[in-house]
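Given next are the chains, with one letter for each unit.
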Amino acid sequence: MLVGEQVGLDGGAFLHGWRQRTKSGQSNFTNHRGAEVFRGAHKAKHLPMGSAVSNFFESLNKEEAKLVPRLAGDRLGIQLRCALSELDWYYYNITRTQEPTFEQQEHYYILQLGVVRLIHLALSSRPSFDVPVVSFPRRPELSKAVLELASALGMIQHGRRIAQYVAMGVGEISEGEQGEFNVMLPEKLVNSSGHEQDVLEGFTSESKKRFERLMQVEPIRKLEREVGEKLSALVRPWGTHFIGYDADPLLDDYFFGLAYHSIQLQEGFDSFHYALRFGGVRYQHYVLALTFLLSNSMRHERFAEALVNKDGSIRLENVLTITSDVEPFIADLREAVNYFGSAYDDFEELGVDEARTVFDVLSCGRHSLELVSAPGSPTPLIVQCSEQGFIRCLSGARSEPVRYMLEALRLRFQKDYDRNQCSREVSLQKAVKRILGASFNGLDFIENLKVKSDGKMLTDIDLVVIERTTGIILLCQLKHQDLYGFNLHTERTRGGRLVEQVDGWLQTVDSWLYSVGQEGFRGALRLRATIPDLQIYRMVIARHYAHQLKDIALLRKALYANWPQLLLATEIASRESAERGLIELVERIVEIPDLQSAYEHQPESRAKWTVGGLTFSTFQAGC
């Protein structure tokens, strides 16, 4: 039996513990609540840190290996189908709760980690299933067994995330006398990304509020009533326990509009220009197809609710997660992309072969298992069990669909992805110019300034912002990054690379400024003598993540911000004291390190996790 002390992560807990839910529909305790969820330790035998971490990883791998034969022996894919249904059912309930308990949020976090890992193991442990795809009504005894399996995998993935935290320099790990592992975290747990998250959530929340106000106007409310009537009229029971419904153009348009608004609010939506190609297919086609998948999910959820209201014999948990045939669905996807895409200028129709490529990218199957391997991987929207059939994952469609799409594009078309990345900083450059130019008067811009010494190219400055009336100069380095979500290993790798690149750039620019002096700098920028004494600031602008730059920016006396932080600082500076010009913006940017440092994770009671023969506990220093 699996034991999660204090949180009770057994199958029965999952079966009955979903009475409430998180606001976002997605909870990640080592991110949103931070590492503070860990606590509790025993006497330890002290090993070198590398040895202890390696032993912990090895123990986690051994426990997981004990579970694989159970999945490998599943000839029909029943456990995979059941796990996805349970995740969707838990998601549906927890997202409809105003104030979920800590225990319920933790259950969902572990279940999400575990089911994503189960997808990987179920598909990798067998070359195929004996049937294309299976459907069956929910059976409590099966659900309990599969939830226990998923919770075990979730705790193993959670353990891997803990080890990744330790590898990032947060805490220490030791092995106890009985073979248990204990993780000691610092007494103070700084939430480095907290300010970035709050700023982003502020913008997102405001967009949602504006959309909600729009939905309350009478024409839209009338449309919503018509949509409700059609949902009820078109839905019907199928095969005693399941669901069937007919299509309608009004429903297609309505739910596609809702889905497109939702997609636009997700980080990474605008990662590439619409006309860039991956595998010969436009980025626009992938985004439209992703929107179609999300709209299908939204529409199906409403159809399921309408059916339960219409026929009390149907249980909602039996109709939330459904299966589909591959070929008809690809045809529908192509038709939808071409229909909705025709509203855009310069749209190119999606061909038959291209539609297959898009489906392969957006679906998770044996061809793309790397996408669901690491702890913190996004939940897929579609799980392809065979060449003929797939399972639609409601929770995947409503969690991080854009990040899933971007990671799938990178995995499948690495060369295209690398090439297309080159265009992204140009887009960020234009956006910065547009925002600053609209907020402050009298600015000039120089793009891609080449920094040379004795004819030798040293580096470049992506954007120079000049305020001639004050002599303020911003030398901007732009970093358009990829999302890493909750993948701690990727966060560590990319964050380290970002700091290294920025440090090198700052040192090179500082050395050049020192060598040429103010007169040489004026000459390089062709600044007139009438411009006052120059005040030069070096600033790094990152598209998504800038918090890793705090220490190096303070050391080099540089400024840093991510895109939402820059937007907020510009908005405040231009609103409160636009006549002061760029110095007001600089003063707002200077505050970011202090604002970032103010975020700390709250301490929690001890957590102890037991999976098979492995136990690991966590605690904070001083507790």
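How each quantity is defined
In this numbering scheme, every chain counts its residues from 1 along its sequence in written order. For a predicted model such as this one, the threshold for reporting local features is a pLDDT of at least 70, and the threshold for listing and counting side-chain atom pairs is 80 or more; totals across whole chains, interfaces and linings nevertheless cover every residue. Computation of side-chain values: all heavy atoms of the structure, hydrogens and water removed. Buried Ala, Val, Leu, Ile, Met, Phe, Trp, Tyr and Cys residues that are joined via side-chain atoms within 4.5 Å together make up what is termed a nonpolar core. Buried means the residue's accessible area, taken with a 1.4 Å probe over protein chains only, is under 20% of the maximum for its type, while exposed means over 50%, and partly exposed covers the values in between. Helix numbers and strand numbers start at the N terminus; a helix is a DSSP run of H or I with at least 4 residues, a strand a run of E with at least 2. Residue contacts are counted whenever heavy atoms from the two residues lie within 4.5 Å of one another. What makes a salt bridge here is a side-chain nitrogen of Lys or Arg within 4 Å of a carboxyl oxygen of Asp or Glu, nothing more. The predictor's confidence in any single residue is recorded as pLDDT, a number from 0 to 100. In a helix, the anticipated span is given by 1.5 Å times the number of residues less one. At least two DSSP bridges between two strands are required for those strands to pair. Axes, fitted as lines to C-alpha atoms, cover a helix only where it is in contact. Angles between the N-to-C directions of the axes lie from 0 to 180 degrees. Geometric relationships in this document are graded by angle, where less than 35 degrees denotes roughly parallel, more than 145 denotes roughly antiparallel, 65 to 115 denotes roughly perpendicular, and other angles denote oblique. Note that Gly is not counted as nonpolar here; it falls among the polar residues with everything else outside the nonpolar set of Ala, Val, Leu, Ile, Met, Phe, Trp, Tyr, Cys and Pro and the charged set of Asp, Glu, Lys and Arg. In protein, a polar contact means a hydrogen-donor-capable atom and an acceptor-capable atom, both N or O and within 3.5 Å, with residues adjacent in sequence counting only if both atoms are side-chain atoms; elsewhere, any N or O pair within 3.5 Å suffices. Working definition: a ring pair exists when centres of Phe, Tyr or Trp rings (six-membered ring for Trp) sit within 6.5 Å. Plane angles under 30 degrees give stacked, over 60 give edge-to-face, the rest tilted. Any Lys NZ or Arg CZ found within 6 Å of a ring centre and within 35 degrees of that ring's normal is scored as a charge over the ring.

### Some thoughts on the nonpolar core
Across soluble globular proteins, nonpolar side chains have a tendency to be buried as a group.
Reasoning step 1: Among the nonpolar cores identified, the biggest contains 126 residues, and Leu80, Tyr286, Leu333, Met405 and Leu409 are the most heavily contacted of them.
Reasoning step 2: Element by element, the count of residues in this core is highest for helix H9 (residues 283-310), at 14 residues.
Reasoning step 3: If we ignore the near neighbours within four places in the chain, the residues touching Leu409 are Phe278, Tyr283, Tyr286, Val361, Gln414 and Tyr417.
Reasoning step 4: Membership of the second largest hydrophobic core comes to 53 residues, among which are Leu436, Val451, Val465 and Trp505.

### With respect to the pattern of salt bridges
Reasoning step 1: Within the structure shown, the criterion is met by 40 salt bridges.
Reasoning step 2: Residue Arg424 is joined to Asp482 by a salt bridge in which the shortest nitrogen-to-oxygen separation is 2.9 Å. In this pair, Arg424 is assigned in helix H15 (residues 424-439) and Asp482 in the loop between strand S15 (472-479) and helix H16 (488-525), connecting sequence segments 58 residues apart.
Reasoning step 3: Since its relative accessible area comes to 10%, Asp482 is described here as buried.
Reasoning step 4: Overlapping salt bridges bring together Arg580, Glu584, Glu587, Arg588 and Glu591 as one network.

### Topic: the confidence of the model for the protein
Reasoning step 1: Of the residues in the protein, 91% reach a pLDDT of 70 or more, and the chain-wide mean stands at 88.
Reasoning step 2: Note that residues 1-48 has pLDDT below 50 and, in this model, 180 contacts with residues that lie over four places away or in other chains.

### What to know about helix H3 (residues 78-94)
The α-helix winds at 3.6 residues per turn, so residues separated by three or four positions along the chain end up facing the same way.
Reasoning step 1: The terminal C-alpha atoms of H3, which comprises 17 residues, lie 24 Å apart, in line with the 24 Å expected from a rise of 1.5 Å per residue.
Reasoning step 2: Counting buried residues in H3 gives 16 out of 17 residues, a clear majority hidden from the surface.

### Concerning the sheet that holds strand S17 (residues 559-562)
Reasoning step 1: Sheet architecture is open: 5 strands sit in the order S13-S14-S15-S16-S17, paired in mixed fashion. Two strands bound the open sheet, and with one partner strand each, they are strand S13 (443-453) and S17. Across the sheet, the axes of successive neighbouring strands diverge by a mean angle of 30°, strand direction being ignored.
Reasoning step 2: Of the strand pairs in this sheet, S15 and strand S16 (residues 535-542) are connected by 8 bridges, and their pairing is parallel. Following the sheet pairing, Ile472 is matched in S16 by Gln535.

### Observations concerning the packing of H15 against helix H18 (residues 563-577)
Reasoning step 1: Put simply, H15 and H18 touch, their axes get as near as 10 Å, and they point 10° apart. Accordingly, the angle class assigned to the pair H15 and H18 is roughly parallel. Listed contacts from H18 to Leu428, Ala431, Val432, Ile435, Leu436 and Ser439 of H15 are Trp563, Leu566, Leu567, Thr570 and Ser574.
Reasoning step 2: When its residues are assigned to classes, the contact of H15 with H18 shows 8 nonpolar, 3 polar and no charged.

### Thoughts on the side chain of Gln157
Reasoning step 1: As for its position among the elements, Gln157 is in helix H5 (residues 140-167).
Reasoning step 2: Looking at Gln157, its side chain comes within polar contact range of the main-chain oxygen of Ser373, at 3.4 Å.
Reasoning step 3: Non-local contacts of Gln157, meaning those with residues more than four positions away in its chain, are made with Leu113, Arg117, Ser373, Ala374 and Pro375.

### Regarding the packing of helix H10 (residues 326-341) against helix H11 (residues 352-362)
Reasoning step 1: Put simply, H10 and H11 touch, their axes get as near as 9 Å, and they point 110° apart. As the angle between them shows, H10 and H11 are arranged roughly perpendicular. Mapping the contact onto sequence places Val326, Glu327, Phe329, Ile330, Leu333 and Arg334 in H10 and Val352, Ala355, Arg356, Val358 and Phe359 in H11.
Reasoning step 2: In the contact of H10 with H11, the residues fall into 8 nonpolar, no polar and 3 charged.

### Let's talk about the packing of aromatic side chains
Reasoning step 1: Per the stated rule, a full pass over the model turns up 24 aromatic pairs.
Reasoning step 2: When the ring of Phe56 is compared with that of Phe616, the centres are 5.4 Å apart and the planes differ by 65°; the resulting orientation is edge-to-face. Note that Phe56 is positioned in helix H2 (residues 49-72) and Phe616 in strand S19 (residues 614-620), a separation of 560 residues in sequence.
Reasoning step 3: Phe56 gets classed as buried once you look at its relative accessible area, which sits at 0%.
Reasoning step 4: Between Phe278 and Tyr417, the ring centres sit 6.0 Å apart and the planes meet at 50°, which makes this aromatic pair tilted. Of this pair, Phe278 sits in strand S7 (residues 277-278) while Tyr417 is found in helix H14 (residues 414-421), placing the two residues 139 residues apart along the sequence. Side by side, Phe278 and Tyr417 carry an identical accessibility label, which is buried.
Reasoning step 5: When the ring centre of Phe136 is taken as reference, the NZ or CZ atom of Arg139 above it lies at 5.6 Å.
Reasoning step 6: Note that Arg366 overlies the ring of Phe129, its terminal NZ or CZ placed 4.9 Å from the centroid.

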